[in-house]
Protein chains: 4
Amino acid sequence: MNKLQVGIIGASGYGGAELVRLLLNHPDVEVCAISSHQYTGQPISALYPGFQNCTDLVFIEQEQVIEKSDLIFVALPSGLSEPIAKACIEQGKKIIDLGADFRLASSTEYEKWYGKPFGDPQLHALSVYGQSELHHDQIKEAKIIGNPGCYPTSIELGCYPAIVAGWVDTDHIILDSKSGTTGAGKKLTENTHFPRTNEAFAPYKVGCHRHTPEIEMMLSEMAKKPVKVTFVPHLLPINRGIVSTIYLPLKTDVDLETIHQTYQEAYQNDPFVRVLDLSKVADLKFVTYSNYCDISLHMDSHTHTLIVVSCIDNMIKGAAGQAIQNMNIMYDFERMHGLTTIAPSF
Amino acid sequence: MNKLQVGIIGASGYGGAELVRLLLNHPDVEVCAISSHQYTGQPISALYPGFQNCTDLVFIEQEQVIEKSDLIFVALPSGLSEPIAKACIEQGKKIIDLGADFRLASSTEYEKWYGKPFGDPQLHALSVYGQSELHHDQIKEAKIIGNPGCYPTSIELGCYPAIVAGWVDTDHIILDSKSGTTGAGKKLTENTHFPRTNEAFAPYKVGCHRHTPEIEMMLSEMAKKPVKVTFVPHLLPINRGIVSTIYLPLKTDVDLETIHQTYQEAYQNDPFVRVLDLSKVADLKFVTYSNYCDISLHMDSHTHTLIVVSCIDNMIKGAAGQAIQNMNIMYDFERMHGLTTIAPSF
Amino acid sequence: MNKLQVGIIGASGYGGAELVRLLLNHPDVEVCAISSHQYTGQPISALYPGFQNCTDLVFIEQEQVIEKSDLIFVALPSGLSEPIAKACIEQGKKIIDLGADFRLASSTEYEKWYGKPFGDPQLHALSVYGQSELHHDQIKEAKIIGNPGCYPTSIELGCYPAIVAGWVDTDHIILDSKSGTTGAGKKLTENTHFPRTNEAFAPYKVGCHRHTPEIEMMLSEMAKKPVKVTFVPHLLPINRGIVSTIYLPLKTDVDLETIHQTYQEAYQNDPFVRVLDLSKVADLKFVTYSNYCDISLHMDSHTHTLIVVSCIDNMIKGAAGQAIQNMNIMYDFERMHGLTTIAPSF
Amino acid sequence: MNKLQVGIIGASGYGGAELVRLLLNHPDVEVCAISSHQYTGQPISALYPGFQNCTDLVFIEQEQVIEKSDLIFVALPSGLSEPIAKACIEQGKKIIDLGADFRLASSTEYEKWYGKPFGDPQLHALSVYGQSELHHDQIKEAKIIGNPGCYPTSIELGCYPAIVAGWVDTDHIILDSKSGTTGAGKKLTENTHFPRTNEAFAPYKVGCHRHTPEIEMMLSEMAKKPVKVTFVPHLLPINRGIVSTIYLPLKTDVDLETIHQTYQEAYQNDPFVRVLDLSKVADLKFVTYSNYCDISLHMDSHTHTLIVVSCIDNMIKGAAGQAIQNMNIMYDFERMHGLTTIAPSF
């Protein structure tokens, strides 16, 4: 069988490099081309020496990547994907964008958070928000995928069954998320300078993070009415992983066992979402370096609040892994292909 | 001037050892005696080699500690302090208890969380909850201090001005706290085994931590009505510090500038509480190894929620440091004495 | 094709669990049985939740593991493998022992470091020291493999070409190694208690670590004369990886370019050993979670000392990965099978 | 008593800021002025928020710092201190330079490692290498102190008694040092980017670090003959501290007890150097945040090599603390003043 030819635009950043790392072990694809604006001409192993002996891939121009590939992954900063998507569509190719450009349905919302409206609304009409578990059927048919953000992934999976069931007082949802430093990317910043970050901890962009509209879009879809949330991300002094502690005040009288059963049923066909047994607590340790999302459920009965803990690896289930999961759906590959790594646990 | 003779019961644990470390640099006291059930007869420097050349103190029996000291600090597991307090009072001595035994006002609440009622209610009538900033005047006169818990300290200071002002919808307070591993103490546990804890993150005792009644007691005192909270602690893979992210939905129309001014005024005479300028975010980095509590204020205006970030060093402001602060109040020492260390920042 | 049936004895410890984790993704084998003395009857996913949805394996008795398997991996503390090896041989099965019992050729040396002589010397006559790159041909035919220790693996690969070439003054070899905490295993100890270990660093077993005779055995084999070394291991406050800084004083006049070329040639057919370009420095970051050994070469010309830096993941190339590499050799499987993971780099 | 007026030039960097932090708690001095080229006009608390409520110091011009101060600490990159020293001397002031400009006695050596010869050799004639324990008497009289480097401090203290005693084969000294990331300073670099550095480990400047000539200068002074060393520094993924593992092959037959006794006697009047009991191992944990240097001694009798482990806090004993220790000597202050902090141990 001929393997699918895939290319990665923006493969020198963390998201793109993680895609290369995972795709090199995917049995159904061949990584045929990668690009990097800054490092054109260099092998990826010069930038990330872990690739030595594993691949000879060299960064080339992004136009060539499009040309050589059947499917193009884009891992660029927000705001740069529209023209690439356009070129892909014109050449009959598919695209999975790991940035924010195709996540939001509303140009108005996009403009509010990213400073400009959609440049080409017709492209957006072709795109699907690629939440692998929740939008499976649309992803199957899509030509452009807006791959979900890392925080939204953990939160949407954690909220879905409870909100759809109608149990939640959606006026008081609090989302307290914590992310490892790879979420901040490869660029040097004060906030990722080792002596500053190590043995430190703090929130950032308190109540004003750009993932808020994406989360609200999806929670509103679940609730079938507009939902607003309070969302606060924090920076963990570790490399990888997101834990979202989700506070869902309940408006109906439902017990934890029922909730637990509903969650298990909701995800019974989704191997990457693991609803833990009651009394267990989801922990980053058991998801990092894997594509799993672990969810644990807890009831604070004295305030009648459902507390959901949702953990993922931000670079995998929160980025490159979910992108591959979406590719597997689009091309009808085995759904575990490329995603079989088990979290190390130690 | 004769120095105050102070003793520490339970000085082999983290809380007790931190007291010794700080008190050895307090100009008004002499650490005259320390005890440890397990290590009697050994020098503290055998257990913590950092004390070499700094002190010759040897662990002795706790009865001797009481006898030799004017003021006794107790740093034992909960449930062991009543008889010690009784002996201290009978011998005309004062006691600051770092455990939970004298924190709660209600024997019923205590029994609910600790499994037995107060053994000697009269002792509790003599005791004061030692929140240094909020109970300053009672502390001055007290013979028994129940030193606050680490999580409650960060939360109470973070909530106080807003709740007293009457702005908060006290039915939906969410408290999401994160603590370093020293909070778990010196005892070996699965959850503090390095390969398990490092590069991991998770909540624990979700919605059922023993500090909940202490927090509710104090928030109810502020609100002048019963307040229930949802409180979730998490374990940070670092040594020290607590960050509490406090979600206070507002029921009145008040702007962030007014709130900020109110917080600044509330703590203007409290050097250890620093209300940061608006737009700054409190960060553990700038409080660890010091007795400061840093508070930053943030408004999520689209959900009308005040978000307070409150940071302390759990071993200092959350335990040994606040105990010393209370001693300084009780004995009219300079309030900075023993507590002048500035957070290292790197 | 029927897959090779493999079993793991001692699969609840770190070495055994890592074997399970990697072998579950090996295309040529089926993990048919695992045992744990302490956890018999429990699923491995109860102990390491990362295995949920990935395997239903339950710990059974070790006798059953032997019975069900064609090849048995043993990951037990030293001193327990002889009777297991005996049973395997009697039942016509092969065994790869990750402990120390079959590493040393000399019963006298073994007794000196482990407190008892070989129990069954005939078994040892059947065994091969499984340094995958250096003993490839003997491994192919072996029935019992003594899988190398983690420190020796990094050191032997780092020393081999230089010592064989005869350049090294073998009377003054200094080996300064640093290991992550997983090397200490799953058992709780003071030295792996998070607040004690984090932000700390120190050597241990200075000049008297049990891996010394194993290293000397192999370096003597290379030098064709007895070699003694000074070996000091240190505990790094990280999870994984070993860096050995190897000081080889040179007795002949050879330049770094020649040395480099010799190293590259020595390992040109060994994909898991990467001799870095001159001017590069080997770093744990690019080997952890993979089976690679990265080696960089440096000359201190003013003391005429060759400095070799050799990095591996202690749990993979230093234990479970090399065991799989040996299995691949023994059964003529593709040599990358089960070992394709690329180090994450971030 | 009038307090000594001290100023710090370069107080925005880590070394300078640590000086401010420690000096603010020194009873005999007043920090009257600080400068920073980059941050002139800003309060130090804007840069390091831990200083809030502790000092109102604002960065001013360096000329003003010299003018206002009796003693000037300089914490600038190497190559900038000569003109400052000149101005200080001309104005009758003293200077302690934390950079490398006044450490080396030989202009030739300086040029070899720093690219230019001494600009003003007469200034160097006035300067003293400020190893507090070993050069106590010269420091007392000095006007210009070249404060030792961090690595050299740990190594010189670790080597001194053995080399002076004449036991060491000085042709084969190996120095394997490991430093926390604060040693790399405040400047953002690839090597201190959190996701790159965390859970990584590697040497750097292998065999060619600029501290080599400083170490050789001092070891030659001890040996009374030229000594060359092989020195390899490594970057530890922690904030603070240096561990030097020092390999001293012995040329004479001396037992460990004798060596230990000699070390204890050598440092019996130096409270900041703690020679640990035999069988103990020096560990960073018990020196960080303090001015102590812990030394443990070990014998590898099968290679007849003395192994010395020497630990310090690189920012304190390795920089700001030793500078204060030198000031205390110069001005006859109590030698513990400003340096009483005990290492936290957890």
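Keep in mind it's a predicted model, so treat the numbers as computed, not measured.

## Some remarks on the relation of the copies chain A and chain C
- Between the two copies, chain A and chain C, the superposition gives an RMSD of 0.0 Å; the rotation angle is 180 degrees and the shift along the axis is 0.0 Å. This pairing of chains is accounted for by a two-fold axis.
- The share of interface residues of chain A whose copies in chain C are also at the interface is 100%, consistent with both copies meeting through the same surface.

## A closer look at the packing of helix 8 (residues 150-164) of chain D against helix 12 (residues 316-330) of chain D
All names here are of chain D.
- Helix 12 packs onto helix 8 with a crossing angle of 95 degrees between their chain directions and a minimal axis gap of 8 Å. In terms of orientation, helix 8 lies roughly perpendicular with respect to helix 12. Of the residues in helix 12, those touching helix 8 at Cys150, Thr153 and Leu157 are Lys317, Gly318 and Gln322.
- Residue composition of the contact of helix 8 with helix 12, grouped by class: 2 nonpolar, 3 polar and 1 charged.

## Quick word on the interface of chain A and chain C
- At the junction of the two partners, chain A supplies 34 residues and chain C supplies 34 residues.
- When the area that chain A buries against chain C is broken down by residue, the three leading residues are Arg21, Ile342 and Phe346 of chain A, summing to 27%.
- Taken together, the connections running from chain A to chain C amount to 0 salt bridges.
- Put simply, chain A and chain C have 14 residue pairs in polar contact (both at pLDDT 80 or more) between them.
- Residue assignment for the side of chain A that touches chain C shows that the elements contributing at least two residues are helix 1 (14-23) and strand 12 (273-275) of chain A.
- A total of 4 residues in the side of chain A that touches chain C trace back to one element, the largest contributor, which is helix 1 of chain A.

## Digging into the interface of chain B and chain A
- Contact with chain B, which involves 47 residues of that partner, is made by 47 residues of chain A.
- Summed over both partners, the interface of chain B with chain A comes to about 3,700 Å²; 61% of that surface belongs to carbon and sulfur atoms.
- Contact with chain A buries area across many residues of chain B, yet Glu199, Phe201 and His302 of chain B alone supply 17% of it, more than any other trio.
- Taken together, the links from chain B to chain A amount to 4 salt bridges.
- Between Lys178 of chain B and Asp176 of chain A there is a salt bridge, and its shortest N-O distance comes to 3.2 Å.
- At the boundary of chain B and chain A, one finds 22 residue pairs in polar contact (both at pLDDT 80 or more).
- Breaking the side of chain B that touches chain A down by element, the ones donating at least two residues are strand 8 (174-179), helix 9 (194-197), strand 9 (202-203), helix 10 (212-223), strand 10 (230-235), strand 11 (242-249), strand 13 (293-300) and strand 14 (305-312) of chain B.
- The residue makeup of the side of chain B that touches chain A, split by class, is 23 nonpolar, 13 polar and 11 charged.

## Side note on the domain arrangement of chain A
Residues and elements named next belong to chain A.
- For chain A, the assigned domains read domain 1 (4-148 + 317-330) and domain 2 (151-314).
- Placing a centre on the C-alpha atoms of domain 1 and another on those of domain 2 gives a separation of 25 Å.
- Listed by partner, the interface residues are 26 residues for domain 1 and 31 residues for domain 2.
- The junction of domain 1 with domain 2 conceals about 2,200 Å² of combined surface from both sides, 59% of it contributed by carbon and sulfur atoms.

## Considering the sheet that holds strand 4 (residues 71-74) of chain D
All names here are of chain D.
- Sheet architecture is open: 7 strands sit in the order 3-2-1-4-5-7-6, paired in parallel fashion. Strands at the two margins of the open sheet, each flanked by one partner only, are strand 3 (59-60) and strand 6 (127-129).
- The pairing of strand 6 with strand 7 (residues 144-146) spans 3 bridges and is parallel. Bridging across to strand 7, Tyr129 finds its partner in Gly146.

## Some details on the environment of Lys187 of chain A
- Note that Lys187 of chain A resides in the loop between strand 8 (174-179) and helix 9 (194-197).
- Along the backbone, Lys187 of chain A and Tyr14 of chain A are 173 residues apart, and their C-alpha atoms lie at a distance of 9.5 Å.
- The contact partners of Lys187 of chain A, leaving out residues within four places of it in the chain, are Thr192 of chain A together with His193 of chain D.

## Focus: the pattern of salt bridges
- Taken as a whole, this structure holds 44 salt bridges over all chains when the rule is applied.
- A network of salt bridges, in which partner residues are shared, links Glu18, Arg21, Arg240 and Asp313 of chain A.

## What to know about the relation of the copies chain B and chain A
- Superposition of chain B onto chain A requires a rotation of 180 degrees combined with a translation of 0.0 Å along the rotation axis, giving an RMSD of 0.0 Å.
- Same-surface contact between copies: 100% of interface residues of chain B are shared with the interface of chain A.

## Some remarks on the side chain of Asp176 of chain B
- You can see Asp176 of chain B is positioned in strand 8.
- Residue classification places Asp176 of chain B among the buried positions, given a relative accessible area of 0%.
- A polar contact of 3.2 Å, which involves the side chain of Asp176 of chain B, links it to the side chain of Lys178 of chain A.

Rules and cut-offs
- Residues numbered from 1 in each chain as written.
- Chains lettered and ligands numbered in written order.
- Predicted model: local features only at pLDDT ≥ 70, side-chain atom pairs only at ≥ 80, totals over all residues.
- Heavy atoms only, no water.
- Least-squares fit on C-alpha atoms with pLDDT ≥ 70 in both.
- Contact = heavy atoms within 4.5 Å.
- Axes fitted to C-alpha atoms, helices over the stretch in contact; angles between N-to-C directions.
- Helix = DSSP H or I, 4+ residues; strand = E, 2+ residues; numbered from the N terminus.
- Parallel < 35°, antiparallel > 145°, perpendicular 65-115°, else oblique.
- Nonpolar A, V, L, I, M, F, W, Y, C, P; charged D, E, K, R; others polar.
- Buried area = accessible area lost by both parts, 1.4 Å probe.
- Salt bridge = Lys/Arg side-chain N within 4 Å of Asp/Glu carboxyl O.
- Polar contact = N/O pair within 3.5 Å; in protein donor to acceptor, adjacent residues only side chain to side chain.
- Domains from an automatic or database assignment.
- Pairing = 2+ DSSP bridges.
- Buried < 20%, exposed > 50% of the residue type's maximum accessible area, 1.4 Å probe, protein only.

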